[in-house]
Amino acid sequence: MQLPAAFYLPDGDGLVATALTIGPWDPGLQHAGPPAALLAREAERVSGIPGGQTVRLAYDVLGPVPVGPVRVAARVVRPGRRIELVEATLEAGGRTAMRLSAWRVRTADSADTASPAAPHPVGPQESAPAQFAVFREEVAYHRSLEWRAASGSLTASGPAAAWTRPLCALVEGEPITPLQHLLVMTDAASGISAELDWSRATFANVDLVVALFRQPAGEWLAMDAATTLGPTGVGQCAADLYDTRGRIGRSVASLFVEPR
């Protein structure tokens, strides 16, 4: 099938979302992964630490992000030569729909004191090709990545680990970076580890926090995710994040759970 080349197309001083951003809940709304990556891209563009490392990204989902025009902006709120805090916002549908707070640090060689690499799940070449079955649109977010199941299942409930490889750019004309790929992927952790039937309940995340001790590298990245449901309509999804060299960090998201 013919797929868009990117999640977003440049449009004047803004961007327009393509069908690859469509999420599982409503064909008119974006999956939060592509906007998360777009905000990280903007945060790094305004950074005052060239070649710095983004070590924590905290997202707030302030409302649904419509599929259509978006505008992003960022500013350094705590400048520094070694450590800085950057804030970024994404506007869509006439309002601020998502915001990011990101800590970035200057890097230095500390290989002699680095912890041994934690092993990753079964590698991408040994993992089975997989696909989501919950998307109602033929062309949507699930087509933007190549999926391989390392453990569990993308179509059954319970914890799961999956490798992904990007099949499109984030912004047309630019190569997608490993960090952008990671953020496109990681928001789907609650999807691969769903504990509820998608047709009977929604469990959208209201936030996402990604903490990294090493920057991702290479084309294949993985998440090993589990969802826990509380007794009051709240859930939490936590995931260990990997590249083919080993673990690089963790993510956690708060879920608002209710019957359809």
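Reading the values: the criteria
- Residues numbered from 1 in each chain as written.
- Predicted model: local features only at pLDDT ≥ 70, side-chain atom pairs only at ≥ 80, totals over all residues.
- Heavy atoms only, no water.
- 1 Å grid on protein atoms, 1.4 Å probe; cavity = no way out; pocket = protein on both sides within 12 Å on 5 of 7 lines; lining within 4 Å.
- Points joined across faces, edges and corners; volume = space filled by probe spheres on them.
- Helix = DSSP H or I, 4+ residues; strand = E, 2+ residues; numbered from the N terminus.
- Nonpolar A, V, L, I, M, F, W, Y, C, P; charged D, E, K, R; others polar.
- Polar contact = N/O pair within 3.5 Å; in protein donor to acceptor, adjacent residues only side chain to side chain.
- Contact = heavy atoms within 4.5 Å.

Named according to an unreviewed UniProt entry, the chain is Thioesterase superfamily protein originating from Geodermatophilus tzadiensis.

A. Up close: the layout of surface pockets. As a volume, the largest pocket reaches approximately 600 Å³. What lines the largest pocket is a set of 27 residues, among which W25, Q30, V61, A204 and N205 lie closest to the centre. No other element matches strand β11 (residues 201-205), which puts four residues into the lining of the largest pocket. In terms of residue class, the lining of the largest pocket is built from 16 nonpolar, eight polar and three charged. Counted by class, the lining of the second largest pocket contains seven nonpolar, six polar and four charged residues.

B. Main features of empty space enclosed by the protein. All told, the structure shown has three cavities of 30 Å³ or more when counted by the stated rule. Ranked by residues supplied to the lining of the largest cavity, first place goes to strand β15 (residues 246-259) with three residues. Across the lining of the largest cavity, the residue classes break down as five nonpolar, four polar and one charged. Here the second largest cavity is characterised by a volume of approximately 40 Å³. Classifying every residue of the lining of the second largest cavity gives five nonpolar, one polar and three charged.

C. Quick peek at the side chain of N205. Residue position: N205 is located in strand β11. At 2.8 Å, the side chain of N205 and the side chain of D187 are in polar contact. Within the structure, N205 has its side chain in polar contact with the backbone oxygen of D207 (distance 3.1 Å). If we skip the residues at most four places from it in the chain, N205 touches V61, D187, A253, S254 and L255.

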